[in-house]
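As a plain string of letters, each chain reads:
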Amino acid sequence: MTLQLKPLHPLFAAEASGIDLTQAPTPEQRKAINAAMNQYAVLVWRNQPLSQAQQAAFALAFGPLDIGLKRIFKRPERMDDERLIDISNLNADGRIADRGTTKALSGFANQLWHSDSSFQDPRAAYSMLHAVAIPDAGGNTEFADLRAAYDALPQRTRDEIQDLSAEHFALHTRLLLGDEAYTEDQKKTMPPVSWPLVHTHPGSGRKVLFVGVHATHIDGWPIAEGRMFLADLLEHATQREFVYAHRWQVGDLVMWDNRCTLHRGRRYDLTQRRDMRRATVMDVPEALLDAV
Ligand code: OGA
Ligand code: MN
């Protein structure tokens, strides 16, 4: 079988089928997936139950993997495969995390619009999130297309942001959510990085409005003024017509390109298990080689 695609939204996102993700993709399959990612930015694969090792192996075919904030938190981990990131509401022992814990807080941080690992260099290219258990209501993941967001900006705003950059900081979401218990060492582990507000997405050649909640301020601007401008741009980028809302089924694997989309989780009943696992490919030159 070859890759088949069915659009899910007028601007981006498609359901993909015809490839068995338990096997590492052939070069031709990888090429076809990269081409689809360049066009759609979000691909939804249904009914592809994967072991942790299979998920890591599939992601590795696209480039080296990123472990993001695990470098700061060093919590006991639930994943057998340390290349994967645990996006569940579960403790290392498999029980549901108490709502006041930092584990629960990480879940709330994921409910703010963001691009994975935009607080580090290299940032993330593809993320691949796999659903193992889902709550019976809520808990969607929403995606916004930052290329559509750029296209819809008035020329005046495009000119204004063309040469601006924003600083992104790993702990900004945690601080926003009231968790300030970080040591200087933890803060120094992931120093802030700056990214231009506008960049060209290599795979589609389209311009991107690169914003998201990890961005704390605009370089060279007073904090308050930059933060409010970023808030306006984020509101613009996430208006409903640019958003695809994914309703999870167990066995789904959703992959997205963090270089041209934002995403956020949605609220759900925290007394129910939500078991999701993520593999993320870093945006380094040797990744996604055939993607351009
Ligand atoms: C992620 C993430 C949101 C969700 O996996 O990177 O932000 O709905 N997930 O779990
Ligand atoms: Mn995320």
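Structural data are supplied above this passage.
Read on for a plain summary of the structure. (Residues numbered from 1 in each chain as written. Chains lettered and ligands numbered in written order. Predicted model: local features only at pLDDT ≥ 70, side-chain atom pairs only at ≥ 80, totals over all residues. Heavy atoms only, no water.)

### What about the site of ligand 1?
Turning to step 1, where the next piece is worked out: For ligand 1, the full set of nearby residues is Ile87, Asn110, His114, Asp116, Leu129, Thr141, Trp256, His263, Gly265, Arg274 and Arg278.
Turning to step 2, where the next piece is worked out: Between ligand 1 and His114 there is a distance of 3.1 Å, counted from an oxygen atom to a side-chain nitrogen or oxygen.
Turning to step 3, where the next piece is worked out: Taking Thr141, its side chain carries an N or O atom lying 2.6 Å from an oxygen atom of ligand 1.
Turning to step 4, where the next piece is worked out: Considered on its own, ligand 1 offers 290 Å² of accessible surface; in the complex 99% of this is hidden by protein.
Turning to step 5, where the next piece is worked out: Looking at side-chain class alone, the shell around ligand 1 contains three nonpolar, five polar and three charged residues. (Near = heavy atom within 4 Å. Polar contact = N/O pair within 3.5 Å; in protein donor to acceptor, adjacent residues only side chain to side chain. Areas by Shrake-Rupley, 256 points an atom, 1.4 Å probe, with all protein chains shown as cover. Nonpolar A, V, L, I, M, F, W, Y, C, P; charged D, E, K, R; others polar.)

### Topic: the sheet that holds strand 6 (residues 141-145)
Turning to step 1, where the next piece is worked out: Spatially, 12-6-14 is the arrangement adopted by the three strands of the open sheet, whose pairing is antiparallel. What marks the edges here is a single partner per strand, and that holds for strand 12 (243-246) and strand 14 (261-265). Averaged over all adjacent pairs, the angle separating strand axes in this sheet is 20 degrees, with direction ignored.
Turning to step 2, where the next piece is worked out: Looking at chain direction, strand 6 and strand 12 are connected through four bridges and run antiparallel. Pairing of Phe143 across the sheet is with Tyr244, part of strand 12. (Pairing = 2+ DSSP bridges. Helix = DSSP H or I, 4+ residues; strand = E, 2+ residues; numbered from the N terminus. Axes fitted to C-alpha atoms, helices over the stretch in contact; angles between N-to-C directions.)

### Quick word on the nonpolar core
Turning to step 1, where the next piece is worked out: Among the nonpolar cores identified, the biggest contains 44 residues, and Ile161, Leu197, Leu209, Val211 and Leu233 are the most heavily contacted of them.
Turning to step 2, where the next piece is worked out: Looking at this core, the element that brings in the most residues is helix 9 (residues 223-237), giving five residues.
Turning to step 3, where the next piece is worked out: Core analysis: the next-biggest nonpolar cluster, separate from the first, contains 30 residues, Ala56, Phe62, Met79 and Val281 among them. (Core = buried A, V, L, I, M, F, W, Y, C linked by side-chain atoms within 4.5 Å. Buried < 20%, exposed > 50% of the residue type's maximum accessible area, 1.4 Å probe, protein only.)

### What to know about the coordination of the manganese ion (ligand 2)
Turning to step 1, where the next piece is worked out: The manganese ion (ligand 2) binds to the protein through His114 (NE2), Asp116 (OD) and His263 (NE2), with metal-donor distances spanning 2.1 to 2.2 Å.
Turning to step 2, where the next piece is worked out: Read N to C, the donor residues that coordinate the manganese ion (ligand 2) are spaced as H-x1-D-x146-H. With Asp116 in the loop between helix 4 (102-109) and strand 5 (124-133) and His263 in strand 14, the pair connects residues that are 147 residues apart, well separated along the chain. Here the two residues Asp116 and His263 agree in accessibility, since each one is buried. (Donors = N, O, S within 2.8 Å, 3.2 Å for Na, K, Ca; no water.)

### Observations concerning a nonpolar patch on the surface
Turning to step 1, where the next piece is worked out: Taken together, the side chains of Phe108, Leu176 and Leu177 present a nonpolar region at the surface, about 250 Å² in accessible area.
Turning to step 2, where the next piece is worked out: When you line up the elements, Phe108 lands in helix 4.
Turning to step 3, where the next piece is worked out: On the accessibility criterion, Phe108 (32% relative accessible area) is partly exposed. (Patch = residues over 30% accessible without salt bridge, like charges linked within 9 Å, V, L, I, M, F, W, Y side chains within 5 Å. Salt bridge = Lys/Arg side-chain N within 4 Å of Asp/Glu carboxyl O.)

### Describing unusual backbone geometry
Turning to step 1, where the next piece is worked out: In the segment running from Asp121 into Pro122, the intervening peptide bond is cis, with an omega of 5 degrees.
Turning to step 2, where the next piece is worked out: Among the secondary structure elements, Pro122 is positioned in the loop between helix 4 and strand 5.
Turning to step 3, where the next piece is worked out: Of note in this structure, Ala13 is not a glycine but carries a positive phi near 75 degrees.
Turning to step 4, where the next piece is worked out: One non-glycine residue, Ala41, adopts positive backbone phi at about 70 degrees.
Turning to step 5, where the next piece is worked out: Relative to the assigned elements, Ala41 resides in the loop between helix 1 (27-40) and strand 3 (42-45).

### Remarks on the environment of Arg247
Turning to step 1, where the next piece is worked out: Mapped onto the secondary structure, Arg247 falls in the loop between strand 12 and strand 13 (253-257).
Turning to step 2, where the next piece is worked out: C-alpha separation for the pair Arg247 and Thr141, spaced 106 residues apart in sequence, amounts to 7.0 Å.
Turning to step 3, where the next piece is worked out: Once you skip the residues sitting within four places of it in the chain, Arg247 turns out to touch Arg46, Asn140 and Asp252. (Contact = heavy atoms within 4.5 Å.)

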